[in-house]
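Residue strings, one per chain:
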Amino acid sequence: MTRAGQTTADGGWGRSRLLATLAAGVAAALLFVVGLGLALYYGLRSGDTQPTTQRVATKVSPTGTGPAYRDQAAAAPMLQVTPDDARQGVPAAIAGPVIEVPPATAAGPVQVPTGFPHTPEGAVGQLAAIETTVLQGMSIPQTNQVYEQWAMAGGSGVAEWALTKNVQNFLASAGQGQTKDPTVTVTATPAAAQVKASDGADWVLACVLLDVRAIITAEARIGYGYCERMQWQPAGQGGRWMIAPGAAAAAAPSTWPGTEIAFKAGWRTWVTSNGAD
C-alpha cells in the first residue's frame with residue numbers, strides 16, 4: 001500500500017493521490033458551474049425593490065407613444081422568480097403560446113447575424129443575435145465592439161451594459177482573462193421570447209429567454225431572460241434594428257423554458273418562421 005501523497009514503486013501516483021487529484025478536478029468543475037450562475041446574476045435578479053418570492057408583475061400597456069411611455073414600459077417590473085426557476089422545472093402539461101421569429105439573412109457588424117425584418121418579431125430576432133454573440137464569445141474586446149456597433153448613443157454605456165457585466169462575472173468566476181479560454185465552450189440558444197411593449201413601428205421592448213450552456217469539465221445549464229429597448233434605423237442609416245437609447249429595462253424573469261412559471265411570466269415558445277414576412 002502507499003500512503004497519501006506517495007508514489008508507487010513504479011513511479012506512478014498512489015490511489016489516495018489520484019483520488020485527491022480527481023476531487024480537485026471536480027472542485028474546479030463545480031467552481032465553473034457556480035461561475036455560470038454568477039455570470040448570469042444580472043438576469044436572475046428579478047428586481048431589487050420587491051421580494052423574490054412575490055410572483056407578481058406590473059401591468060403595462062403593450063402599446064403607447066412618447067418618451068414617458070417608453071421609460072414606463074422599460075422600468076415596469078416583470079414576474080418575480082427565484083434562481084431555482086432558471087435551473088430546473090417540470091415541463092408544463094399543456095403546450096404554451098408560440099412566437100414566430102424570422103431567421104437572419106446576413107452577417108452584420110462584428111459578425112452579428114442581421115437582416116431581420118422591420119417588425120416586432122424582427123426586433124426580437126436581432127436582440128437574440130446580439131445577445132448570443134456576446135454570451136458565446138465571452139470576450140471583453142468583442143463585447144466592446146458589439147456595443148459600439150449595435151447600441152445607439154444615449155444608453156447605459158458599455159461598462160454598465162448588463163451583458164458586459166455578465167461577461168466580466170463569467171470570466172472572473174472561471175479564472176479567465178479578458179477572453180475565455182478556447183477549451184471553454186458556451187452556447188446560447190433562443191428558447192422563448194416576448195414583446196413587452198411597442199411604440200409605433202420603430203420602437204420595441206423585446207425580451208428573449210435563452211437556453212445557456214457552459215462546458216469545461218462539467219456542464220452547467222440555466223434559463224436566462226433578458227430585455228432591451230430596440231429601435232429601427234432607416235435604410236439610409238443601415239436599415240436594421242439597434243439597441244435604443246434610454247435607461248436599462250427591468251430585469252426579465254429567468255425561468256426554465258417550457259414550464260408553467262415560464263408561461264406565466266409571459267414567455268412564448270420560440271419558433272423560427274420561414275422568413276416570408
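Up top is the structure.
A quick note: this is a predicted structure, and the numbers were derived from the prediction, not measured. (Residues numbered from 1 in each chain as written. Predicted model: local features only at pLDDT ≥ 70, side-chain atom pairs only at ≥ 80, totals over all residues. Heavy atoms only, no water.)

### Regarding the pairing of strand 8 (residues 268-272)
And step 1. Looking at chain direction, strand 1 (residues 98-101) and strand 8 are connected through four bridges and run parallel. Among the inter-strand pairings, Glu 100 is bridged to a residue of strand 8, identified as Val 271.
And step 2. Summarising the sheet, strand 4 (residues 185-199) and strand 8 pair through two bridges and their orientation is antiparallel. Opposite Ala 192, over in strand 8, you have Thr 269 as the bridge partner. (Pairing = 2+ DSSP bridges. Helix = DSSP H or I, 4+ residues; strand = E, 2+ residues; numbered from the N terminus.)

### Points about the state of the cysteines
And step 1. For the structure on display, the rule yields one disulfide.
And step 2. Disulfide partner of Cys 207: Cys 227, at an S-S distance of 2.2 Å. The chirality of the disulfide connecting Cys 207 with Cys 227 is right-handed, given an S-S dihedral of about 105°. Of the two residues, Cys 207 sits in strand 5 (residues 203-215) while Cys 227 sits in strand 6 (residues 219-233), which places them 20 residues apart along the sequence. (Disulfide = S-S within 2.5 Å.)

### Topic: the nonpolar core
And step 1. Ranked by internal contacts, the top residues of the largest apolar core, which has 40 residues, are Val 124, Ile 130, Trp 161 and Met 230.
And step 2. At the level of elements, strand 1, helix 5 (120-137), helix 6 (140-150), helix 7 (162-173), strand 4, strand 5, strand 6 and strand 7 (240-243) are the ones that each hand at least two residues to this core.
And step 3. Looking at this core, the element that brings in the most residues is helix 5, giving eight residues.
And step 4. Among residues more than four places away in sequence, those in contact with Met 230 are Ala 123, Gln 126, Leu 127, Ile 130, Asp 202, Trp 203, Val 204, Ala 206, Trp 241, Met 242, Ile 243 and Ala 244.
And step 5. Among the nonpolar cores identified, the runner-up in size contains 20 residues, and Ala 73, Met 78, Ala 244 and Ala 262 belong to it. (Core = buried A, V, L, I, M, F, W, Y, C linked by side-chain atoms within 4.5 Å. Buried < 20%, exposed > 50% of the residue type's maximum accessible area, 1.4 Å probe, protein only. Contact = heavy atoms within 4.5 Å.)

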